[in-house]
Amino acid sequence: MDPRVQQFMAMIKARNPGENEFHQAVQEVSESLIPFIEENPKYKYSKILERIAEAERTIIFRVPWLDDKGEIQINRGFRIEMNSAIGPYKGGLRFHPTVNLGILKFLAFEQVFKNSLTTLPMGGGKGGSDFDPKGKSDNEVMRFCQSFMTELFRHIGADTDVPAGDIGVGGREIGYLFGQYKRLKNEFTGVLTGKGIEWGGSLIRPEATGYGATYFAQEMLSTAGESIKGKIVCISGSGNVAQYATEKVTQLGGKVVTSSDSNGFIYDPKGIDAEKLSFIMELKNLRRGRIKEYAEKFGVEYFEGNRPWGIKCDIAMPNATQNEIDEEDARTLVKNGCICVTEGANMPSTPEAVEVFHKAKILYGPGKAANAGGVATSGLEMTQNSMRLPWSREEVDQKLQVIMKNIHATCVIYGKNSDGYINYVDGANIGGFVKVANAMIAQGVV
Ligand code: NDP
Ligand code: 2IT
C-alpha cells in the first residue's frame, strides 16, 4: 500500500474504531485521491481529505414503538449529515437489522461523491435504523415510522436534509414518514423524495436506480463497441433496484437469468421476461414473500444460501447489498467470460474483487457512478417540488439518461489510463471530489 494512504488510514481507523465498512469506503477513495491531491496541493493545504472523512453532524436517537401485541419495542435511529458544501444533505434511509453507525457512515461518505457526480446541487447524508420491516404488519411499520420521524423531523427540511429510500424503505415507508413530518411541522414540502405520484413524487423515481445502472452499463459497453442486446445478465437482489434493472435490461434486448434475496437465488435460463417480472414485483412489493416461490411457480432451479455469481454471464449487476461479491466470486465471473460489472448496490464488491476486475481489464462501474441515477432523480423530484410543477415520464427519463451519460463522461476524463483502460473507480472518486473540494475551499474553514 502507498505509505501516504497507510498513514491516512491509520488516522481514520484510530478515530473510527471498529467501523470496517467505513474504513473500506474511505480507503478506496483515498487510494484514488491521495496521488491526485499531491499533484494539486491546494487540496492538501486545505486538509480537504481529512475534513471530508469527518461527518458534519451525526445524530443517534431512541425509537420506541408499540407492536401489535401492545409490547414496547426499542430500536436505534441514525442520521449522518456528512457534507453540505454543494447542497442540502441528501441520501436514503435504510431499515435493516444489520444497520449500525459504521455502515451508515460508509453510505453517507459514498453519497457525497455520488451526489456531486450527478451535477445536481445535493450534499451527502444517510440514515436509518436497525428496525427489521420483515414479518411486521403494516400497522407496526407505520407506528415505527411515526416514532422515527417524531425525532428526525427536527433535524431535516427541504433546504436542510432530504432523506429518501434504501434497503427496507420503499413507497410504503416514505408515505408514513412524510405523513408524520407534515403533521409535526404543519408544512407540505419536498422534505423526502420517493413520494407517491399523487402527492409530490416524481415519475421514474421508483425505476431510476435500476434504469440508471443499466444506462451506465450501456455507456461502458459502448466504449468497447458492445451493447446489452443479446447479453446474458446475472442480477442479485429482487428489491427496488433489481426489479427495474431487470425491466430495463430486458427492454434493451438482454436476458436476465437470476434473481435473489437473502435466502438464496433462482436461475431461469429462459430469462425473466415482463410477465415473470410482474410476478416478482407482486411477490416482493405486496405479498412480501421469498424468491423461492418463483422457482416453484415457474419450475426453475433454486439455490438456497447461495449467490448468483457462479452462473455464466456476460454482465453482472450486483443489486442487493455491500460486499456481496468477494474475490472468489470475481474470479468465477471473469473465468466464465463476464465482460462488464455495473453496481446497482452500494459497495457490493470487496476490494479484492475490484482488484480482480481491474487486473482482468473488464468494464467495472462502481456504485457511486453506476447507481447515481436514483439520487439524481431524487434531485429532479426536489426541483419539481420547488417549482410545484410535475414533469412527464419521458421528460424525467430523458434527463436521467443525459445525467448517466455525463457521469460516464466524467469518469472517462478522470479515469482513463495511458493504455486506454478506463479505471471508473479513480474516475468517479476524483470526478466527484473536485466540485465538493472547490466548494469547501471557497466557503472557508467550516
Ligand atoms: P430493497 O430493500 O428494495 O431490496 C434489497 C434486496 O437485496 C432484497 O432482495 C434483499 O433480500 C436483498 N438483500 C438485502 N440485504 C441483503 C443481505 N445482507 N444479503 C443478501 N441479500 C440482501 O433495497 P433496494 O433495492 O433499494 O437497495 C438495494 C441496493 O441498492 C442497496 O445496496 C442500496 O444501498 C442500493 N441503492 C438503492 C437505491 C434506491 O434508490 N433504492 C439507490 C442507490 C443504491 P431480502 O428481501 O431477503 O432482504
Ligand atoms: O444510495 C442511494 O443513492 C439511495 N439510496 C438513494 C438516495 C436518494 O436520496 O434518493
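Above this note sits the structure.
All of these numbers come straight from a predicted model, not from anything done at the bench.

## Observations concerning empty space enclosed by the protein
Alright, step 1. The full count for this structure, using the stated rule, is 1 cavity of 30 Å³ or more.
Alright, step 2. Volume-wise, the largest cavity comes out at about 40 Å³.
Alright, step 3. Residue lining of the largest cavity: Ile-235, Gly-237, Ser-238, Ala-242, Gln-243, Thr-246, Ser-259, Ile-272 and Ile-280, and that is the complete set.
Alright, step 4. Per-element tally for the lining of the largest cavity: the top contributor is helix H9 (residues 240-251), with 3 residues.
Alright, step 5. The residue makeup of the lining of the largest cavity, split by class, is 4 nonpolar, 5 polar and no charged.

## Section: the site of ligand 2
Alright, step 1. The local shell around ligand 2 holds 14 residues, among which Lys-90, Gln-111, Lys-114, Arg-205 and Ser-378 are the closest.
Alright, step 2. Lys-126 has a polar side-chain atom sitting 3.0 Å from an oxygen atom of ligand 2.
Alright, step 3. Contacts to ligand 2 include Gly-165, whose backbone N or O atom sits 3.0 Å from a nitrogen atom.
Alright, step 4. Alone, ligand 2 offers 300 Å² of accessible surface; in the complex the protein occludes 94% of this.
Alright, step 5. Only strand E3 (89-95), helix H5 (101-117) and helix H15 (372-387) provide two or more residues apiece to the shell around ligand 2.
Alright, step 6. For the shell around ligand 2, a count of residues per class yields 2 nonpolar, 7 polar and 5 charged.

## What to know about the state of the cysteines
Alright, step 1. In total, this model carries 0 disulfides according to the counting rule given.
Alright, step 2. The thiol of Cys-234 is unpaired, and the distance to the nearest cysteine sulfur, on Cys-313, comes to 3.9 Å.
Alright, step 3. Free cysteine: Cys-338, not disulfide-bonded; nearest cysteine sulfur from Cys-313 at 4.5 Å.
Alright, step 4. Looking at Cys-338, the relative accessible area reads 3%, which means it is buried.

## Re the pairing of strand E5 (residues 161-164)
Within a regular strand, the side chains alternate between the two sheet faces.
Alright, step 1. The alternating pattern of E5 places Asp-161 and Pro-163 and Val-162 and Ala-164 on opposite faces, both of which are buried.
Alright, step 2. Two strands pair when backbone bridges link them, and E3 and E5 are joined in this way by 4 bridges, in the parallel orientation. Across the sheet, residue Tyr-89 finds its bridge partner in E5, namely Asp-161.

## Some remarks on the packing of aromatic side chains
Alright, step 1. Inspection of every chain in the model, using the stated rule, returns 23 aromatic pairs.
Alright, step 2. Consider the rings of Phe-216 and Tyr-424, whose centres lie 5.8 Å apart with planes at 70°: the pair is edge-to-face. Taken together, the residues Phe-216 in helix H8 (residues 205-223) and Tyr-424 in helix H17 (residues 424-442) connect sequence positions 208 residues apart.
Alright, step 3. Members of the aromatic cluster, each reached through a chain of ring pairs, are Phe-61, Trp-65, Phe-95, Phe-131, Phe-144 and Phe-148.

How each quantity is defined
- Residues numbered from 1 in each chain as written.
- Chains lettered and ligands numbered in written order.
- Predicted model: local features only at pLDDT ≥ 70, side-chain atom pairs only at ≥ 80, totals over all residues.
- Heavy atoms only, no water.
- 1 Å grid on protein atoms, 1.4 Å probe; cavity = no way out; pocket = protein on both sides within 12 Å on 5 of 7 lines; lining within 4 Å.
- Points joined across faces, edges and corners; volume = space filled by probe spheres on them.
- Helix = DSSP H or I, 4+ residues; strand = E, 2+ residues; numbered from the N terminus.
- Nonpolar A, V, L, I, M, F, W, Y, C, P; charged D, E, K, R; others polar.
- Near = heavy atom within 4 Å.
- Polar contact = N/O pair within 3.5 Å; in protein donor to acceptor, adjacent residues only side chain to side chain.
- Areas by Shrake-Rupley, 256 points an atom, 1.4 Å probe, with all protein chains shown as cover.
- Disulfide = S-S within 2.5 Å.
- Buried < 20%, exposed > 50% of the residue type's maximum accessible area, 1.4 Å probe, protein only.
- Pairing = 2+ DSSP bridges.
- Phe/Tyr/Trp six-rings, centres within 6.5 Å; stacked < 30°, edge-to-face > 60°.

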